[in-house]
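Listed below are the residues making up each chain.
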Amino acid sequence: MVLELQDTVQVVTNKALERHNYKRSELIAMLQEIQEEFHYLPAESLDVITEALEVPAPTVYGVATFYAQFSLEPKGKYLVRICDGTACHVKNSAKIYDSLSKKFNLETGALTTPDGLFTLETVACLGACGIAPVMVINETVYPQMSPEAAEMVVQTLMEREKEGELDGETLPKESGNEN
Ligand code: FES
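Residue positions are counted from 1 within each chain, in the order its sequence is given. Reporting in this predicted model follows two pLDDT cut-offs: at least 70 for local features of residues, and 80 or more for side-chain atom pairs to be given and counted; totals over whole chains, interfaces and linings ignore these cut-offs and use all residues.

A.B. asks: Any chance you could explain the sheet that holds strand β4 (residues 140-142) here in plain terms?
C.D. replies: Where strands meet in a sheet, backbone hydrogen bonds hold them as pairs that are either parallel or antiparallel. Note: two strands are recorded as paired if DSSP finds a minimum of 2 bridges between them. Labels follow the DSSP assignment, with helices taken as runs of H or I lasting at least four residues and strands as runs of E lasting at least two, numbered in each case from the N terminus. Spatial strand order, β2-β1-β3-β4: four strands in an open sheet with mixed pairing. In this open sheet, the two edge strands, each paired with only one partner strand, are β2 (118-123) and β4. Between one strand and the next, the sheet's axes are offset by a mean angle of 20°, whatever the strand orientation. Where strand β1 (residues 78-83) lies against strand β3 (residues 135-137), three bridges are found, and the strand directions are antiparallel. By the bridge assignment, Ile82 is partnered in β3 with Met135. Two residues qualify as a contact pair if the distance between their C-beta atoms, derived from the backbone, is within 7 Å. For helices, the fitted line uses only the C-alpha atoms of the stretch in contact; every axis is such a line through C-alpha atoms, and the angle between N-to-C directions lies from 0 to 180 degrees. This element, helix α6 (residues 93-103), spans β1, β2 and β3 of the sheet and lies at about 150° to β1.

A.B. asks: Before we go on, may I ask you to explain the environment of Thr50 in this structure?
C.D. replies: Along the chain, the position of Thr50 falls in helix α3 (residues 43-53). The class for Thr50 is partly exposed, based on 16 C-beta atoms found within 10 Å. Put simply, Thr50 and Val60 are ten residues apart on the chain and 6.4 Å apart in space, counted from C-alpha to C-alpha. Discounting residues that sit within four places of it in the chain, Thr50 has contacts with Val55, Ala57 and Val60. Buried, partly exposed and exposed are defined by the number of other C-beta atoms within 10 Å of a residue's own C-beta, namely 20 or more, between the two limits, and 12 or fewer respectively, with C-beta atoms placed from the backbone.

A.B. asks: Got a minute to help me understand the nonpolar core in this structure?
C.D. replies: Nonpolar side chains tend toward joint burial in soluble globular proteins. In this usage, the nonpolar core is the set of buried Ala, Val, Leu, Ile, Met, Phe, Trp, Tyr and Cys residues whose C-beta atoms join them within 7 Å. Counting 21 residues, the largest nonpolar core has Val80, Ile96, Leu100, Val134, Met135 and Ala150 as its most contacted members. When contributions to this core are tallied by element, the ones reaching two or more residues are β1, α6, β2 and α7 (147-162). Here this core gets five residues from one element, more than from any other, and that element is β1. Those residues in contact with Val134 that sit more than four places away from it in its chain are Cys83, Cys88, Leu126, Ala128, Val141, Tyr142, Pro143 and Met145. Grouped together as the second largest cluster of nonpolar side chains are eleven residues, Ala16, Leu17, Ile34 and Val48 included.

A.B. asks: I would appreciate a short explanation of unusual backbone geometry in the present structure.
C.D. replies: In most cases, non-glycine residues show a negative phi, while peptide bonds are predominantly trans. Across the junction of Ala132 and Pro133, the peptide omega takes the value -5°, indicating a cis bond. Assignment of secondary structure puts Pro133 in the loop between β2 and β3. Even without glycine at this site, Tyr22 takes up a positive phi of about 55°. Of note, Tyr22 is situated in the loop between α1 (2-19) and α2 (27-38). Judged by the 13 C-beta atoms lying within 10 Å of it, Tyr22 is partly exposed.

Next up, the structure:
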């Protein structure tokens, strides 16, 4: 299993390198593609890039840690982000976070469920203050959430996962709705 993951990391990383003709100037684009694939940047991947581009490791790791869009920590299949910008905060976004943290049974400080399905994070203003409070799961935006509505969305995902219906891309559009 570990070997399979390493092989996949190698393949994805090599593809990103080839797609960008091994150009150092396209390092960020390469990292974006790898992050998109794994939801984080595996260390093996950064090592392969360092060697292939013949740059010092701190250069690659420096870029990977500088930009907030990149993560060096593994993320769950579903990245659940609760906006905690001012508009969302005053509309009780913290309560949404707390209710999901409880639903996921996350230990203090843990962000990802032990089964690797869900990662729960807060995020700064998403630029959608008019529909606050906002929750985003992967690329899907959920407007005007309440703790109950957010729990329903997550419950739907959990049930569909149990039934093996989801691929991580097709998510419920609104709280608890199937379409
Ligand atoms: S504060 Fe949440 S979208 Fe702006």
